Amino acid sequence: MEKNYLPFEDECFDKIVEDAFSPDAEIHVFSNRYQKRKERLMKNIHNTEKKPVFRRKSIFAIAAAAALVAVPTSVYAGTRIYNAYMASPAPYQRDITIDVGESPSMEIKALNVGWVPEDMKLHSGEEHTSLMKYGAHTDGMRGISVLFWKIPTGDELFQESIKGAVTSKSYTDVNGNSVILIGHSQDFEERRDEVWVAFKDTPYAAQVYIMGDVSDEERDKILESLYLESWDTEVALNWLENQRSEEPVDNYEINTKINQSSIKLAEIGKPIVSVEDMEEGTYSVEATINDIRIQNNFDGITTDSFNDPADYSEYTNPDGTIKDNVRTWYRYGDNVNTLTEKVSEEILDMSVIVVDVTYKNTGNIDWYECICPSMVRIDKDGNILNYTYESEDMYYTDSMHDLQVDDMMFSISTDHVMSKNNIEPFKAGDTANLQIAFLVNTDDLENLYLMLEPTGVDISEEISRGTEFVDLSFLGSKNK
């Protein structure tokens, strides 16, 4: 049997790390929309007590609730012996306790994942990491993620409170280890299970996430194939060292107001110039918008945001027009006594904005140009509108969200060489013609601006430094 030890190397992961931490890598500033979505997901699943740094993500599963009492896998007999069990103090809360007893084996161990389905590929971090992920390259999302923990010994117990649980069971596997399996609530369709495997008479435990289209048989075989082997150095994450107090999540609304006259407007057909002095020389680029048009279909759009082939038929009606965006509102549950529940739906009409733009490297050095445009909403009173809205107890999801991430384009089309969403290499004197497409809410057109230059989260700062915006309100009249 092939052994998948911790630690190990993975060329794919190393390449990702190299790209991410390269001194030439562009700094990415996450948008308000991204930050708000992250806060919402974290709010929906976090406990208010201490948690490990490698915290569970939005791990949910739709299933019938099952209330369980504490089920110890062993009992005390005068002295403390190894004991792992689960309790259900509330309908959707499960508390896990692992007591390693008075005399656990302290031999250093590494976790071995003995088996995974053939269609899954192993990904790992740097040497001596204890984080492993398996991801399947299939049409549906499926995979597992494993964390390897060293838990407290002596007088301290391992205790973890898990919220949002709708099913759970505990049992002793064929290897004598204690297994606690929890199915989570969710507002997604894919499976989300969390499993804890406590290795008897050792201070080690594995935390396993089962995600997507993984069968019960595959899950059980994965869990049964986990085992420990002797190792020369400690590779497990230390549970106590990775504890932290939960910081409160701020729910806020952007109410920044600017003077409309301070917005510097770009003109169609007139170059937008950006100059940057560098050690190698001067990098200067001209971006000229040649045409902007609006349409109610995906005609002429066949690429994604990386200039790769894409099919948008799933977003179209039988007559070829764009489907409506279904916005679904949810009310938060506390994941202890109540679950997050669906409240209502609303239908939003959508439009595609297509921009033809020419970029030219007018400097004296070869470089690259990030294609990072953004749609910005500023109403007639100068209020900068936050696209993603949530209140203290409500949030929403959009069916067309995949084409609106970070208010950026969903398609780039060009004959020039691209690296991700960068024109690269972009040599001195080079010219690149691009078609960029955005999906927007039709009702937003009268308040919509386009910003071609890379942007951060503070639009008012971009305005104050003289970044040029394209007023797209004229498209609203064309759409009527």
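Residues numbered from 1 in each chain as written. Predicted model: local features only at pLDDT ≥ 70, side-chain atom pairs only at ≥ 80, totals over all residues. Heavy atoms only, no water.

1. Topic: the overall build of the chain
Next up, step 1: Helix and strand counts for the chain come out as five helices and 31 strands.
Next up, step 2: Burial analysis of the chain (480 residues in total) assigns 49% to the buried set.
Next up, step 3: For the chain, long-range pairs separated by at least 24 residues make up 70% of all intrachain contacts whose partners lie at least 6 apart in sequence.
Next up, step 4: Accessible surface for the chain amounts to roughly 23,500 Å². Of this, 48% is attributable to carbon and sulfur atoms. (Helix = DSSP H or I, 4+ residues; strand = E, 2+ residues; numbered from the N terminus. Buried < 20%, exposed > 50% of the residue type's maximum accessible area, 1.4 Å probe, protein only. Contact = heavy atoms within 4.5 Å. Areas by Shrake-Rupley, 256 points an atom, 1.4 Å probe, with all protein chains shown as cover.)

2. Observations concerning the environment of D220
Next up, step 1: Note on placement: D220 falls in helix α3 (residues 216-224).
Next up, step 2: Here D220 falls in the partly exposed class, since its relative accessible area comes to 27%.
Next up, step 3: Sequence separation between D220 and D173 is 47 residues; the distance between their C-alpha atoms is 9.5 Å.

3. So, the packing of aromatic side chains
Next up, step 1: Evaluated as defined, the whole model comprises 13 aromatic pairs.
Next up, step 2: A ring pair is formed by F148 and Y204, whose centres lie 5.2 Å apart and whose planes are at 20 degrees; its orientation type is stacked. In this pair, F148 sits in strand β8 (residues 142-150) while Y204 sits in strand β13 (residues 204-212), placing the two residues 56 residues apart along the sequence. In terms of burial, F148 and Y204 fall into one category: buried.
Next up, step 3: Consider the rings of Y332 and Y395, whose centres lie 5.0 Å apart with planes at 35 degrees: the pair is tilted. You can see Y332 sitting in the loop between β20 (325-331) and β21 (341-348) and its partner Y395 sitting in strand β25 (residues 394-398), a full 63 residues away along the chain.
Next up, step 4: For Y332, a relative accessible area of 13% translates into the label buried.
Next up, step 5: For R327, the ring lying beneath its charged end belongs to Y396, and the centroid distance is 3.9 Å. (Phe/Tyr/Trp six-rings, centres within 6.5 Å; stacked < 30°, edge-to-face > 60°. Lys NZ or Arg CZ within 6 Å of the ring centre and 35° of its normal.)

4. Thoughts on the environment of G320
Next up, step 1: With respect to the element layout, G320 can be found in the loop between β19 (281-295) and β20.
Next up, step 2: Assessed through its relative accessible area of 28%, G320 is described here as partly exposed.
Next up, step 3: Residues in contact with G320, not counting those within four places in the same chain, are N296 and N297.

5. Topic: unusual backbone geometry
Next up, step 1: Of note, the amide linkage connecting E424 to P425 takes the cis form, showing an omega dihedral of 0 degrees.
Next up, step 2: Position of P425 relative to the elements: it lies in strand β28 (residues 422-426).
Next up, step 3: Backbone geometry places D201, a non-glycine residue, at a positive phi of 60 degrees.
Next up, step 4: Here D201 is to be found in the loop between β12 (192-198) and β13.
Next up, step 5: On the basis of relative accessible area, D201 is assigned to the partly exposed category, the value being 38%.
Next up, step 6: Located in the positive-phi region is K420, a residue other than glycine, with phi close to 55 degrees.

6. Brief notes about the pattern of salt bridges
Next up, step 1: Under the counting rule described, the total for this entry stands at 11 salt bridges.
Next up, step 2: Note that E107 is salt-bridged to K109, the shortest N-O span being 3.5 Å.
Next up, step 3: Look at K109 and you get buried, because its relative accessible area is 15%.
Next up, step 4: The shortest N-O distance in the salt bridge between D291 and R293 comes to 2.9 Å.
Next up, step 5: What makes R293 partly exposed here is its relative accessible area of 27%. (Salt bridge = Lys/Arg side-chain N within 4 Å of Asp/Glu carboxyl O.)

7. Quick look at the sheet that holds strand β26 (residues 411-414)
Next up, step 1: Pairing within the open sheet is antiparallel, and its five strands lie in the order β18-β19-β22-β29-β26. The sheet terminates laterally at β18 (272-278) and β26, the two strands that pair on one side only. The mean inter-strand angle of the sheet, taken between neighbouring strand axes irrespective of direction, is 25 degrees.
Next up, step 2: Pairing between β26 and strand β29 (residues 431-441): four bridges, direction antiparallel. Residue pairing for β29: S413 is matched across the bridge by Q435. (Pairing = 2+ DSSP bridges. Axes fitted to C-alpha atoms, helices over the stretch in contact; angles between N-to-C directions.)

8. Re α3
Next up, step 1: By the burial criterion, the buried members of α3 are R219, I222 and L223. Looking straight down α3, one finds that the buried residues subtend no more than 95 degrees of arc, so they occupy a single side. (Arc of directions from axis to C-beta.)

9. Looking at a negative patch on the surface
Next up, step 1: Together, D324, D349, D443 and E446 make up a negatively charged patch on the protein surface.
Next up, step 2: By secondary structure assignment, the location of D349 is in the loop between β21 and β22 (350-361). (Patch = residues over 30% accessible without salt bridge, like charges linked within 9 Å, V, L, I, M, F, W, Y side chains within 5 Å. Lys, Arg positive; Asp, Glu negative; His and termini not counted. Charge placed at Lys NZ, Arg CZ, Asp CG, Glu CD.)

10. Section: the pairing of β19
Next up, step 1: In terms of strand pairing, β18 meets β19 through seven bridges, oriented antiparallel. Residue pairing for β19: E276 is matched across the bridge by Y283.
Next up, step 2: Hairpin connection of β18 to β19: two residues between the antiparallel strands.
Next up, step 3: For β19 and β22, the ladder comprises 10 bridges, and the chain directions are antiparallel. Directly across from I294, in β22, lies its bridge partner I353.

11. Side note on the sheet that holds strand β9 (residues 158-163)
Next up, step 1: Taken together, three strands build an open sheet; the order of strands is β3-β4-β9 and the sheet is antiparallel. The open sheet has two free edges, formed respectively by β3 (83-90) and β9, since each of these has just one partner strand. Strand-to-strand, the axes of this sheet are offset by a mean angle of 20 degrees, without reference to chain direction.
Next up, step 2: Relative to strand β4 (residues 93-99), β3 is paired through six bridges, and the arrangement is antiparallel. Within β4, the residue paired with A90 across the bridge is Q93.

All we've got here are geometric facts, nothing functional implied.
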